[in-house]
Structure formats: C-alpha cells, structure tokens
Amino acid sequence: MVQQTEKSQSLFERACKVLPGGVNSPVRAFNAVGGCPRFMARASGARLWDVDGNEYIDCIGSWGPMILGHGDPEVVEAVQKAVVDGMSFGAATGREAEMGELISQLVPQVEMIRMVNSGTEAVMSALRAARGFTHRHKIVKFAGCYHGHADSMLVKAGSGVLTGGDPDSAGVTPGAAQDTLLARYNDLASVETLFAENPGQIAAVIVEPVGANMGVVPPAAGFLQGLRKLCDQNGTLLIFDEVITGFRLALGGAQEYFGVSADLVTYGKIIGGGMPVGAYGGRREIMSCVSPLGKVYQAGTLSGNPVAMAAGLTTLRKLQRDPGIYDRLAQKGQKLAEGLRATGLGTVNQVGSLLCLFFQQGPVTDYESAKNSDTAAYARYFQHMLSRGIYLAPAQFEAMFLSDVHTQEDLETILAAAREFANQ
Ligand SMILES: *Cc1c(COP(=O)(O)O)cnc(C)c1O
C-alpha cells in the first residue's frame, strides 16, 4: 500500500524552519520511528485524514481527550453555541460553576476544584497547593511517570522525555529539581526509604495511578493502598495525577476504579473534551489555601474559558448519562490486548481502554523494565501499521487510547495488521 506523503513532507519542511523539530510538542515528531510526521487535516469518529488524503484508524485520540471520538455532534454543537456567546470574558461565568458542581458530583473526593489550561499547569499548581498546605518542600515522584513539563517534574519523566533518551531536561536548575525525590513505581519499599531519609519534609507523593507515559504500567495489587497508608502515617498528601485516567477508567477515575482516595487530583485531556484544559482539586481544607481564598497564589487569564468549559461539560455529561461506556471500553481494550498478545510480538499491558504492546517478552512493571523494550522493533511495527492505515503513537513508551466509537471491525483491522507484521 503506497501512501502519498508529498503534502505532509512539504509542510514539514516549512514547519522545521520556524518550529523546533517542525512540531509544537515532541511526542508528535517521528524522531523515534523515522520518516516524516503526517500532518492532519481532519478527523471524524475514530478516523483521521492527513493533508494528502490518507485515512487512518486513530489509536491515540489526541493522547486521551477524544474518548467519545472526533466531532461528537453534541460537543460540536455546544462549542459552536459558546463561541457565539463570547469566546472569553476574563470574568466569572455560569459554566465554571456548573463544571465544579458536576466534577464534585462525579468524584466525591473533589470538594473544590480550580480550572487551568493544561495538565502541566494543573500539576504545577497542585504541587504548590500541597506545599502551601503542609509547609513542607519535598515531593516524591516515580521514575517513568510524566506529570507535564514543570521544572520540578522533569526528573526521570516518561513520555517524550523517555523517548528522547534523556532522563532529565536541559534547562532545569539543580535548585528546581532538588526537592524532587525519586522512587520506583510499584516499589513501596523505595517510598518508605525516602520517608525515613526525609522525616517531616515530604509535602506530597505524586503518582500516575496507572502509569501511562512509560507505555502502560498498571499499579501492582496493594501499591496505591500502600502509598495512601504511608502518606497518612507521615502527614503527607497523596496526589493522583489523573490527567489520563480521569473520566477514562471510570467516572470517578482511578480513585473509584481502585477504591483509593487521594487528597488532591489533577485532570487534563478528557476534562477539556479536546480543548486546552486542566484542573486540580481535592479536599476542601487543602483547596481553601488557593487564592483568593488562601495564600497559595495561582491565576489564569483564560482559565475556565467558556468555549473550553462547553466542550468539557458536554463530554462529561455524556459520559455521566452512559455509565455502560466504561464496560464497552474495557471490553474493547481486553479484546485488543488478547489479540496483540496472541501475535507473540511482546508483552501487552492493558487497563480499561489503555494498552501498550512492549517489544520484549518480560513483565513490565516499572521504568527499568519498560526500558528493556526493543525500540527499533517498535519503529518497524509503527511503520508497518501506518502503511496499513493505523495511526499509533510514534514511540514505544506511549499508550494506545481507545474511544467509544472504535468498532469491532476497527479492532479486527488493527489485529490483522499486527498479525501480518508478526508473520512477515
Ligand atoms: C499529558 C499529561 C500531563 C500534561 O498535560 P498537558 O496538558 O500536556 O500539559 C500531565 N500528567 C499526565 C499523567 C499526562 O498524561
């Protein structure tokens, strides 16, 4: 199957002259898999079309937000209406109150919430709130977890940082990183050691409740519960970074799915329904520290933007009306995982609608084991799948994201292409 790529190539050449690497986010580049990134023109349902007219089954869903598929008619209509009403006021609006009410209804642990504009901003602000509340400085994060690109979180971060081969970013001062303590995912003893070495100094432990930026790494039985217990024993806040898992695993996110409550949570991706949105929230006592109520300063010109709120609210309401969606998503995830496992290509980890095929045979439980994957084999697999009209993440250490509009036939097409690759 020969695909035309002339227009993508020409746009890429132009983009490279004015955008670093030709992209506005490194995870869109094809550096890890080779070739020219496909420039997208439009999307509908579970399909993408690039500027040369090639059609793809979309397996990344904008890295999570598009859980209802592209161009959901209700979301589009709500956005169109909001645009006409006014794109930004810099003043309070009703949709923001509705958003706060809806989230605390769906996630009872979130008694108060603050809307921001990205997952990065949500994490950065949640860490500040945790520090302001506890009057402590240190934060525990796990190797391979990605929490956006705030300085203090670019220490052994996953996603594009991991793909780039650099555990840490240039431009982060030792000062910015010195209060970040590193633990090993699924290893409670590593967290206990940090608590023992830093008594009374750890403000928060931040974790992706399902690791989804080093491929997909589920929490081992008891891991999240163990973190909760350690945090309680040490007067430390537990932050779930639910930028991916929020509203994807369940309406109540990972807190509901695993039955573990966090003190603060961060959201992004689905909460904006495709618009640039993030949020952080949690216990009233902690969120009351945030300005103008409290002394932790945090602000945003476009925070709670009416168009973004319309997209997010409509997406969340649609999920709320259809709780069966999570069983359907999980069934699809399971079917795809089983089929990919049967190809013998590697290890498949799956939680609900998130999954990852690691090109290795060993179990993948943390950053170290994820890194054993054969990234050159992934690159060949990626190119094969792309040529068959399947758009995967252009890097090994990312998740596949399924949506409610992926059909059984789509899954069959993906599996047939993977089998073809395995047999060649
Ligand atoms: C994507 C992601 C972020 C960062 O969100 P942005 O909107 O890209 O800034 C933070 N945490 C996790 C777990 C993510 O997957």
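For the structure, check the block above.
Residues numbered from 1 in each chain as written. Predicted model: local features only at pLDDT ≥ 70, side-chain atom pairs only at ≥ 80, totals over all residues. Heavy atoms only, no water.

### Section: the overall build of the protein chain
Looking only at helices and strands, the protein chain features 15 helices and 14 strands. For the protein chain, the spread of C-alpha atoms along the principal axes amounts to about 60 × 50 × 45 Å. The burial tally for the protein chain puts 57% of its 424 residues in the buried class. Restricting to contacts in the protein chain with at least 6 residues of sequence separation, those with at least 24 account for 71%. Measuring between centres, the 35 positive side-chain charges of the protein chain sit 2 Å from its 41 negative side-chain charges. (Helix = DSSP H or I, 4+ residues; strand = E, 2+ residues; numbered from the N terminus. Buried < 20%, exposed > 50% of the residue type's maximum accessible area, 1.4 Å probe, protein only. Contact = heavy atoms within 4.5 Å. Lys, Arg positive; Asp, Glu negative; His and termini not counted. Charge placed at Lys NZ, Arg CZ, Asp CG, Glu CD.)

### Considerations on the nonpolar core
Membership of the largest hydrophobic core comes to 108 residues, with the highest contact counts inside it found for Phe142, Phe247, Ile271, Leu316, Leu319, Leu340 and Tyr381. Residue contributions to this core peak at eight residues, all from helix α11 (residues 306-321). Lining this core are residues from two domains, each supplying at least three of them: domain 1 (6-71 + 324-422) and domain 2 (73-321). In this structure, Val123, Ala130, Ile239 and Leu264 belong to the second largest nonpolar core, which totals 19 residues. (Core = buried A, V, L, I, M, F, W, Y, C linked by side-chain atoms within 4.5 Å. Domains from an automatic or database assignment.)

### Describing the sheet that holds strand β13 (residues 390-391)
In spatial order, the strands read β1-β2-β3-β13; together these four strands make up an open sheet with mixed pairing. Each edge of the open sheet carries a strand with a single partner, namely β1 (40-44) and β13. Pairing of strand β3 (residues 55-58) with β13 involves two bridges; the strand directions are parallel. Bridging from a neighbouring strand, Ile57 pairs with Ile390 of β13. (Pairing = 2+ DSSP bridges.)

### Observations regarding the layout of surface pockets
Its boundaries defined by the atoms lining it, the second largest pocket holds a volume of some 560 Å³. Ile113, Arg114, Met115, Ser291 and Pro292 are, among the 25 residues lining the second largest pocket, the residues nearest its centre. Among the elements that take part in the lining of the second largest pocket, helix α3 (residues 94-106) stands out by supplying six residues, more than any other. Here the lining of the second largest pocket is built from residues that sort into 13 nonpolar, eight polar and four charged. (1 Å grid on protein atoms, 1.4 Å probe; cavity = no way out; pocket = protein on both sides within 12 Å on 5 of 7 lines; lining within 4 Å. Points joined across faces, edges and corners; volume = space filled by probe spheres on them. Nonpolar A, V, L, I, M, F, W, Y, C, P; charged D, E, K, R; others polar.)

### So, a nonpolar patch on the surface
Together, Val83, Val84 and Met87 make up an exposed nonpolar region whose accessible area comes to about 310 Å². Positionally, Val83 belongs in helix α2 (residues 73-85). Judged by its relative accessible area of 36%, Val83 falls in the partly exposed class. (Patch = residues over 30% accessible without salt bridge, like charges linked within 9 Å, V, L, I, M, F, W, Y side chains within 5 Å. Areas by Shrake-Rupley, 256 points an atom, 1.4 Å probe, with all protein chains shown as cover. Salt bridge = Lys/Arg side-chain N within 4 Å of Asp/Glu carboxyl O.)

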